[in-house]
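Secondary and tertiary structure notes
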Amino acid sequence: MVLKIFFPQCCNKADSGLLVGRWIPGQNSAVVLAVIHYPFIPGQVKQYIHQVECVCVSVNGKLVQQEKELKEDGGGEKGGTKRGGGEKEVEGEEGGGEKDKVIFIHYEQRKVMLSQLHPIDNGVPDPQTESQLPQVTTYVLSVFGTVCQSEPLFFLDKYDDGPVKMTHWQSEGREGSIIVELMKQASTPVCLLTTWMLTLWTSLCSSRILNMRPMRFISSKLSTCLQLSYRTEHLQTVCSPTRATAHNHFMRKANIFVSFFVDVSLGLLLVSWMYRENRIGKLANTLVPAADHVAKELEELLQWLMGAPAGLKMNRALDQVLGRFFLYHIHLWISYIHLMSPFIEMILWYVGLSACLGLTFALSLLSDITALLTFHIYCFYVYGARLYCMTVYGLSSLWRLFRGKKWNVLRQRVDSCSYDLDQLFIGTLLFTILLFLLPTTALYYLVFTLLRLVVVMFQGVLHLSVDFINSFPLFAMGLRLFRSYRLAEGVKFRVLCEEPGTPLHLMMDINPLKVSSVVQTYRTPTYSCYPKDSWLALCKKLFLGELIYPWRHKTTKID
Amino acid sequence: MQNGDQHYSMEDETYTDIDGKAISLECQSHSGFCREFTVSSAKVSIGRVMAYTCAVWLSAYIIFFVTENTAVLSSAIIITLVGMMVHIHFVKVDHETLLIIGSLGVQVSSSYASGRESTDFIEMGKIKDIVINEAIHMVRKIKDMVINEAIHMVRKIKDIVINEAIHMQTVIYYLCILLKDPSDPEAVSSVVPLFQSSKPRLNCLVKVYKSCQEILAKC
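Our subject in this report is the structure included herewith. (Residues numbered from 1 in each chain as written. Chains lettered and ligands numbered in written order. Predicted model: local features only at pLDDT ≥ 70, side-chain atom pairs only at ≥ 80, totals over all residues. Heavy atoms only, no water.)

1. Thoughts on the interface of chain B and chain A
Tallying the contact residues gives 20 residues for chain B and 22 residues for chain A. Summing the contributions of chain B and of chain A, the shared interface buries around 1,700 Å²; its carbon and sulfur component is 66%. At the surface where chain B touches chain A, the tally comes to zero salt bridges. Where chain B meets chain A, there are five residue pairs in polar contact (both at pLDDT 80 or more). When contributions to the side of chain B that touches chain A are tallied by element, the ones reaching two or more residues are strand E3 (22-31), strand E5 (93-101) and strand E7 (117-123) of chain B. Among the elements that line the side of chain B that touches chain A, the one with the most residues is E7(B), at four residues. (Contact = heavy atoms within 4.5 Å. Buried area = accessible area lost by both parts, 1.4 Å probe. Salt bridge = Lys/Arg side-chain N within 4 Å of Asp/Glu carboxyl O. Polar contact = N/O pair within 3.5 Å; in protein donor to acceptor, adjacent residues only side chain to side chain. Helix = DSSP H or I, 4+ residues; strand = E, 2+ residues; numbered from the N terminus.)

2. Remarks on the state of the cysteines
Residue and element names in this part refer to chain A. Taken as a whole, this structure holds zero disulfides over all chains when the rule is applied. Note on Cys379: no disulfide assigned, nearest cysteine sulfur contributed by Cys389 at a separation of 17 Å. What makes Cys379 buried here is its relative accessible area of 17%. (Disulfide = S-S within 2.5 Å. Buried < 20%, exposed > 50% of the residue type's maximum accessible area, 1.4 Å probe, protein only.)

3. Thoughts on the pattern of salt bridges
All names here are of chain B. Per the counting criterion, the structure on display carries six salt bridges over all chains. The shortest N-O distance in the salt bridge between Asp94 and Lys43 comes to 3.2 Å. One end of the pair, Asp94, is in strand E5; the other, Lys43, is in the loop between strand E4 (34-40) and helix H1 (46-67), with 51 residues separating them in the sequence. A relative accessible area of 18% means that Asp94 is categorised as buried. Judged by relative accessible area, which is 57%, Lys43 ranks as exposed.

4. Topic: the pairing of E3(B)
All names here are of chain B. In terms of residue burial, E3 counts as a mostly covered element, since seven of its 10 residues are buried. Pairing of strand E2 (residues 15-16) with E3, which is carried by two bridges, proceeds in the antiparallel orientation. Looking at the pairing, Thr16 lines up with Ala22 of E3. Between E2 and E3, which pair antiparallel one after the other, the connecting turn spans five residues, and Gly20 there sits at a positive phi close to 100°. The pairing of E3 with E4 spans seven bridges and is classified as antiparallel. Along E4, the bridge assignment pairs Gln28 with Glu36. Where E3 folds back onto E4 in an antiparallel hairpin, the turn is made up of two residues. (Pairing = 2+ DSSP bridges.)

Okay, here's the thing in C-alpha cells:
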C-alpha cells in the first residue's frame, strides 16, 4: 500500500524540528499534528507527550527547512509507536525512501479542527457526535477524529515558556475573541435569571384556575396560546445552565436562539411601524365597518339564494326557512359586533403590544382574530354541512330500502332484507321527499363550504409561515454561507503542482454540506401544521358532508 | 501546466456522446498511481440562446400588443434573465472530472457553466470495482410503436422484422463504480454512475476503464 502522510499547512513555514503525529493502523498513513523545534531534551518531549495523554503518538521524521530534504526525510524515516504506559514498539512499514510510493496530503489544520463531519448514512447526512460511537469508522472520519482528539497537544506553542516549543495551528496566536469571552461570562447569570422566570411562568400557567375545562378548551384552539407554550419550551432549552457538549445540542440551541432573536427584532420593527402614526387606531376603526361590509355581502348572498340562484329552481318552503334562519344569525352577529365596537380600539391596542414577543405572535394573533371575526361563517358551514350530511345518509339508506337491501352493522356490509309493505311505502315517500329537497340543501352546503375553505386557506398560509419562522435553522444556514468549512459533508482533493521524481502532493479541502442537507438535518422540530388528509380523502369528505378540519397540529416532538 | 505530469488529450480520435455531439477527453497522469480524466461537453451554443430569447420576447411583445400592459415586458425580461442564470448555474454541465488516487480513493466532480463545482469523494475502502455497464436506452418515438405493432401483425417476415426492431433501440454503455457494503464485502451495496451529463461513447469509456483498472490493480 502507498504511504500517506497528512501534513498541516501551518507547519510549511516552520523552523526545523521534529514531527509529532499519529499513526493510523490498517491504512498505512500518518497524520502529522505539530512540529517540535530544536533545542529540546528528548526525555522532556516524551514526558510531555505522555502527559497530554495522546494515545499512540509517534515521533516520526525530521522537518528540515529546505523543501527538498523534507520530502526525502518524510518518506524515509519512521519512528517507533509508543502506547501510553506500555513500551510496545511497532516498526513502521516501508522505511525505505521509495519516493514513488509516498503521498503527501496537505490539510488546513484549523479548518479540520473546527469542522464537523456529516457522513452520509443511508442517504441522510448525520453529524457524528463524540457520544455516539460510529458504527463504521471510515478513513476520513478517522483522520478527522485523530486531529480533533489531539486538542491537549495544542495548548502549548512556540511562544510559551513550556518544556517544548511547538508549531501548530494555534501558534500564530490563540483563537479567541473578547466579545465571545465576555458573553460567555455574562451568559451564566442571565441564564439562571431566565430559567427562574420561566419556572415561575410555567407554574403560573399550570395553576388550577387556568386549567379548568373551558379555559383549557379555548387555549387549545387559539394558536397564540400554542405559540406561547412552544416558545416557552424553546427558551427553556436555550437557557438551561448546562453547557451543550454534543454538536447536535449546540446547533439546536444556537438555531433556537438566533431564530428567537430575529423573530423578536422583526416583531419590534412591526410594532414600531404600526404604532407610529396611530396606525393601530386606524386599523381598529376600519375593523367594524369591514365586519359590517362582510355581513352585508352575506345577506345579499342569502337573498340571492332565496330567489332563483343561477337559474336553478329551489324548493320554496325549505329555501325560505333556511334563508331566514341564516339571516337571523347574521343579524345577531352584527348586533354583537356593534356592542363591542367602543372597546375594540382599546383591546386591539393592548393586544397588538404582544407582537413585541415576536413576529410569529403577530401572525398567530392575526390568525386568531380572523377566526373570531369569521365565526359566523364557521357556524353556517357547520349547519349546512350537518343538514347536507343527514340528507345524504338518509338518501343512501332509503335507496337501499328501495332496492330491498339493508346495512348490516354487525357484519359491516350490505345484506338483502325483506320489508313489510308499510315500511316500503313510508320509505319510498321519504326517499322521494329527500331527493327533491336535495338540490336546495346541496346548494347552501356548497356556498358555505366555499366560504369556509377560503378562510381556512388564509389561516393555513399564516400557520405555515409561523411554522417556517419557527423551524428554519438560521444559525446553521449562516454557518454554511459564511464559514462553510464548519459543516463538512466530506473532503475533496486537489493535485498541487510538483516536480518530476518527487512524491505526489495533494491538497485536502473540506467539501461543505449541501444547502438542502443543512436545512434537512438542522430543522427545529415544531408542532408543524400540515394537511391531515390527502386530496382524495378531502374530496370524499366534502362530498359526503363530513366536517373538515384540514390542518392538524403535531404535538411537539421530545428529543 | 506541469512538466512533471504526462498530459495528453486524444487529438487523433474525436469522441462523441450518445446523441452524436462532439466531446473531448483529457487524461492527466500525475504519478504512477494518480490519474485525472476530464470529459468536456459542448459549451452553451450562442445560437440556441438567441433563439430562446427571441422566442420569449416576441411572444411578450405580442401579448403586450394585445393587452397594453407594460408589466408583461418587464416580466419577460426578468424571466429570461432568471432562466438563463438558473440554466448555467444548475443545469449546464461544462466538464466532468474523475480523479483516481491509488489506495486513497476516487473523486468525481462536475463543473457547471457558471463555475460552480460539485464534488464527491469515495474512499478506496468502499470501492469494490469500476466497471462498464450496459443499458438499453428506449428511444421514445412513434416509429417504435408502429414497428412493434408490425411485429405482432406480420409474423411471417419474422427475421427481417425482428432485426429491424432491435436496431430501433440503442444500447448505451456507462462507466460506474460499484460500492461494497462494509458489513458484507462480497455484495455490491450501490452503484455510482460516472459521466452522467456528458454520456461519452464506448471508445472513450474503454480508455478510462483501462487506466482505472491499472491503478486499482496496483493498490
